[in-house]
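# Secondary and tertiary structure notes
Below, each chain spelled out in residue letters.
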Amino acid sequence: MAHFNANYPAGSKFHSDPFGDDGLDGIIQDDTTTFATTTSGIPALDPSSSSRDTGHTEAQSLIFNYRRTKSPLQDVSSRQPTPSLSERSAPVFGDLSVPYKDEDTYSTRPSSFVGQSDDRLVHNAADMGRSDSYQDLEYAEPSDENSKLAADRVSPFQKAIGMNTGKYPMDQRIEDKKRGIGRQKYPLVVWALTIIMIGVFINELVVNTRAQGTPVSFKPVVNPMLGPSESALINLGARFPPCMKVVQGLPVTTQMACLNDTANPPDQLCSIEDVCGFGGFHGGEPNQWFRFITAIFLHAGFIHIILNMLAQLTISAQIEREMGSAGFFITYFAAGIFGNVLGGNFSLVGAPSIGASGAIFGTVAVTWVDLFAHWKYQYRPGKKLAIMTVELLFGIALGYIPYVDNFAHLGGLCMGLLVGTTLYPVISPTKHHKLIMWAFRLAAIPLAIILFVVLIRNFYTSDPYAACSGCRYLSCIPTASNNHCQGTGFSNTTTGGSSI
């Protein structure tokens, strides 16, 4: 853009064409006039030091070469802002069919710059001159046709599940971490799981209504979680070892209360095979291994599902935003399944277990990974550690309440730590920090696989308790009512005693 002093002495000439062929037409022809020019990096000669007769300056030559038509110079008050680089379809002087447009030096800043600091404006102005094709320099470097950000090349689906990873400045990642901004905006998997689980719970109520006449089991005993009977939950897919393998003392012919029983002791008896459902065992051994998975989607009653969904829509949802849907999905189900595997090994085999608590505890474990990996970026991390410790101890203490399976909680927590360490996006500002994180990841991956393999093999042995005879006390307080945590825990005199 060009600026010239309009205070010229009387008698000096002023032509209406700023780009006329006769040299400096449109500019004051007076050697005493002060002349200052800024031309986007192209220096112009001072008229006082160069005569018209000696030829044109480099800037004037460019103007003459690109000039097409003449247009009168408009009044300063009617000038419009110069279009930005991204709005120009031709070089700067590619079209002179319209008057040269310039910004008023003393006008206010455009609205796009309002609120930005002077340092930001200086930084952006310096970078804009490098290329006519540029991106938001706060997040990426200028690119050309052969250099694109990875985030720009991914599909909308990859962006939705948090896989849009590209060049991302460290300072911006740290700032986003402090503000709680993760890889994606919406917890799509959490929303989908919540909808599915609510639908499954409605089906539970329908099944119990058809069997007993009421959606909540009140006879022969009241389900403390205000939900279906124990037999109905087993029939719908609860983790119940007698349906999954041969259990000593509980053959498939063992009689137990049918789904429609309302008497105590029960007067409607069915075999374990009939109650297990899913087509039975066809004369073979129990093999319904899928109950390690289906139990995650079932809930014991209204109280159970409300508490779990509240935790899932808050804690788990934030973890998905930070991890991305792909990593969250793996962590969630790895923790949920492993919690059921651990409970199947060491909980009382005669008590069914259901619920997403193990999976949710797995996502809680990821918050511990985040706390220690990003300790310096946390707000008052010591206080946060104390609060999280109290919450964790409280959650484990709940596992000793009757009908609650603490092994699902502990197993989910353990697997969540291992998988979360592997998949959670950790900010490593130094090579030393990155080295430590990779050491943990390389140790966590094989440890998680070993735990799965060992405990699944141990579950299918004849007596899994033999591997750890004292482990049952992690989820059971020995009393006379539970036979001091011995035996199978199975009883055919009541219904409604499932573990959650």
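Quick summary incoming for the structure in this document. (Residues numbered from 1 in each chain as written. Predicted model: local features only at pLDDT ≥ 70, side-chain atom pairs only at ≥ 80, totals over all residues. Heavy atoms only, no water.)

### Thoughts on the overall build of the protein chain
- If you tally the helices and strands in the protein chain, you get 15 helices and four strands.
- Buried residues in the protein chain amount to 40% of all 500 residues.
- Taking as baseline every contact in the protein chain between residues at least 6 positions apart, the subset at least 24 positions apart corresponds to 71%. (Helix = DSSP H or I, 4+ residues; strand = E, 2+ residues; numbered from the N terminus. Buried < 20%, exposed > 50% of the residue type's maximum accessible area, 1.4 Å probe, protein only. Contact = heavy atoms within 4.5 Å.)

### Describing the nonpolar core
- In this structure, Met197, Ile296 and Tyr332 are the most contacted members of the largest nonpolar core, which totals 25 residues.
- Contributing elements (two or more residues each) for this core: helix H6 (188-212), helix H10 (302-323), helix H11 (325-346) and helix H12 (357-373).
- Not counting residues within four places of it along the chain, the set of residues in contact with Ile296 comprises Met197, Tyr332, Phe333, Gly336, Ile337, Asn340, Gly355 and Ala356. (Core = buried A, V, L, I, M, F, W, Y, C linked by side-chain atoms within 4.5 Å.)

### What about the state of the cysteines?
- Enumeration over the complete set of coordinates arrives at four disulfides.
- The residue that forms a disulfide with Cys243 is Cys276, at a sulfur-sulfur distance of 1.7 Å. Residues Cys243 and Cys276 are joined by a disulfide whose S-S torsion is about -80 degrees; by sign, that bridge is left-handed. Of this pair, Cys243 sits in the loop between helix H7 (230-236) and strand E3 (255-257) while Cys276 sits in helix H8 (residues 272-276), and the two are 33 residues apart along the sequence.
- Cys476 shares a disulfide with Cys485; S-S distance 2.0 Å. In this structure the cystine formed by Cys476 and Cys485 twists about its S-S bond by roughly -90 degrees; its chirality is therefore left-handed. The exposure classification of Cys476 matches that of Cys485, with both residues buried.
- The cystine pairing of the protein chain, numbering bonded cysteines in sequence order, is 1-4, 2-3, 5-6, 7-8. (Disulfide = S-S within 2.5 Å.)

### Notes on the packing of aromatic side chains
- Overall, the coordinates contain 14 aromatic pairs when judged by the stated rule.
- Seen from their ring centres, Phe329 and Phe333 are 4.8 Å apart, and the 50 degrees between their planes marks the pair as tilted. Placement of both Phe329 and Phe333 in helix H11 is noted, with a separation of four residues, approximately one turn of the helix.
- Among the residues examined, Phe329 registers a relative accessible area of 43% and is labelled partly exposed.
- Take Phe333: its relative accessible area is 13%, and that puts it in the buried class. (Phe/Tyr/Trp six-rings, centres within 6.5 Å; stacked < 30°, edge-to-face > 60°.)

### Concerning unusual backbone geometry
- For the peptide bond that leads from Asn264 to Pro265, omega is 0 degrees, which places it in the cis range.
- Positionally, Pro265 belongs in the loop between E3 and strand E4 (269-271).
- Unlike most non-glycine residues, Phe278 shows phi in positive territory, near 55 degrees.
- Tracing the backbone shows Phe278 in the loop between H8 and helix H9 (291-294).

### Focus: the side chain of Gln212
- Within the secondary structure layout, Gln212 lies in helix H6.
- Judged by its relative accessible area of 14%, Gln212 is buried.
- Within the structure, the side chain of Gln212 is placed 3.3 Å from the side chain of Ser217, a separation counted as a polar contact.
- Apart from residues no more than four positions distant in its own chain, Gln212 is found in contact with Ser217, Lys219, Ser229, Leu259, Asn260, Asp261 and Thr262. (Polar contact = N/O pair within 3.5 Å; in protein donor to acceptor, adjacent residues only side chain to side chain.)

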